[in-house]
Amino acid sequence: HDIAVKRTERLIDVYRNGDDFTYVLSGDGKNCHFLQFLINTSNFTWRKEKNPAERNKITQQEILENNAHLISKLCAIGFMMMSAKDKAVAKVLVGMDGKQSEVGASNGRTGKSLLGNLFQEVMPTVYINGKSKGIEDDQYLWSEMTVKTRVAFIDDVRTNFNLEFLFGLITGNWPVNKKHEGKFTVPFDESPKLYITTNHALNGEGSSYRDRQWLIAFSDFYNDKHRPPDDFGGYFFDDWDFEQWNLTWNMLAECVQLYLRFGVVEAPGERIQQRQLRQAMGESFISWADEYFSEETKLNERLKR
């Protein structure tokens, strides 16, 4: 976007105490729609907040978890915005649903893809439909890539997506095969960073998988019945005036600063781990186990499932 950007007051001041984060928004921070969107998608206590009887039951630990989810997203955006690459921090950014749901069930509409759309708006980005069958075997998968591409956005990958086929691209050079034009290789220092969105947990365990992923979790604050335009009065990007674009560019700059300050901030892992365990076990086993352990009389008894 060829627009003159003006520095606003700082949008967000972040403070760290051990593993805990707190933050304070300025007036401009409260007016920045995309920052407010990120705060909402990091809010896992919104149901309690809307229920007067539950509102007072929100614990300090839950508030700190929400804060950590937000700071994790902001630092991750800063990581993606930086063109500099470091093999010690070579990771794929993975946006996933934080809400527990059945394996194969799609929560959707939580805002994961909107983050990818932001990357498309501000950086040269290649978009890949993650639902495409045989994506791992497509020799022309990266045919739209150029040496200027900064982000590869794989949106909404299928259940049991195999992350391993990307390992070489995350940590090494990036071979590109263009139809009718031949092959070329983008060196690691100039290759894109990867952002993947998924409604499921990505398969794989062990340090090689963990070390190559930066997981960020999205709450279901936004869903089929409640979407960002309901809160912000219009669609992101297309309906923005100069003020919103200016605030967003300021936010992006502050995200880079936060990443340089804090590095990789991992999202609280319990929700993400539960999704991964649920996918590994499968719904049939969970259904059996829920009944088997529901009361003592069913222990060591054969159940018809």
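Residues numbered from 1 in each chain as written. Predicted model: local features only at pLDDT ≥ 70, side-chain atom pairs only at ≥ 80, totals over all residues. Heavy atoms only, no water.

Caption draft 1: Geometry of the overall build of the protein chain. The secondary structure content of the protein chain amounts to twelve helices and nine strands. For the protein chain, the proportion of its 305 residues judged to be buried stands at 49%. When the accessible surface of the protein chain is summed, it comes to about 16,000 Å², and 45% of that surface belongs to carbon and sulfur atoms. (Helix = DSSP H or I, 4+ residues; strand = E, 2+ residues; numbered from the N terminus. Buried < 20%, exposed > 50% of the residue type's maximum accessible area, 1.4 Å probe, protein only. Areas by Shrake-Rupley, 256 points an atom, 1.4 Å probe, with all protein chains shown as cover.)

Caption draft 2: Focus on the environment of E65. Looking at the secondary structure, you find E65 in helix 5 (residues 60–81). Here the alpha-carbon distance between E65 and N43, two residues 22 residues apart in the chain, equals 8.7 Å.

Caption draft 3: Inspection of the sheet that holds strand 4 (residues 125–129) at higher detail. Judged by pairing direction, the sheet is parallel, and its five strands sit side by side in the order 4-5-8-3-9 without closing on themselves. A single partner strand is all that each edge strand has here, and the edge strands are strand 4 and strand 9 (213–218). Strand-to-strand, the axes of this sheet are offset by a mean angle of 20°, without reference to chain direction. Both strand 5 (residues 151–157) and strand 8 (residues 193–198) contribute to a ladder of five bridges, which runs parallel. Bridge pairing links I154 to I196 in strand 8. Of the strands in this sheet, strand 3 (92–97), strand 5, strand 8 and strand 9 are in contact with helix 5, which crosses strand 9 at around 130°. (Pairing = 2+ DSSP bridges. Axes fitted to C-alpha atoms, helices over the stretch in contact; angles between N-to-C directions. Contact = heavy atoms within 4.5 Å.)

Caption draft 4: Structural view of the pairing of strand 9. Burial analysis of strand 9 places six of its six residues in the buried class, the great majority of the element. Residues Q213, L215 and A217 of strand 9 are buried on one face, and the alternating residues W214, I216 and F218, pointing to the opposite face, are buried as well. Here strand 3 runs beside strand 9; their pairing, made up of six bridges, is parallel. When the bridges of strand 9 are listed, M96 appears paired with A217.

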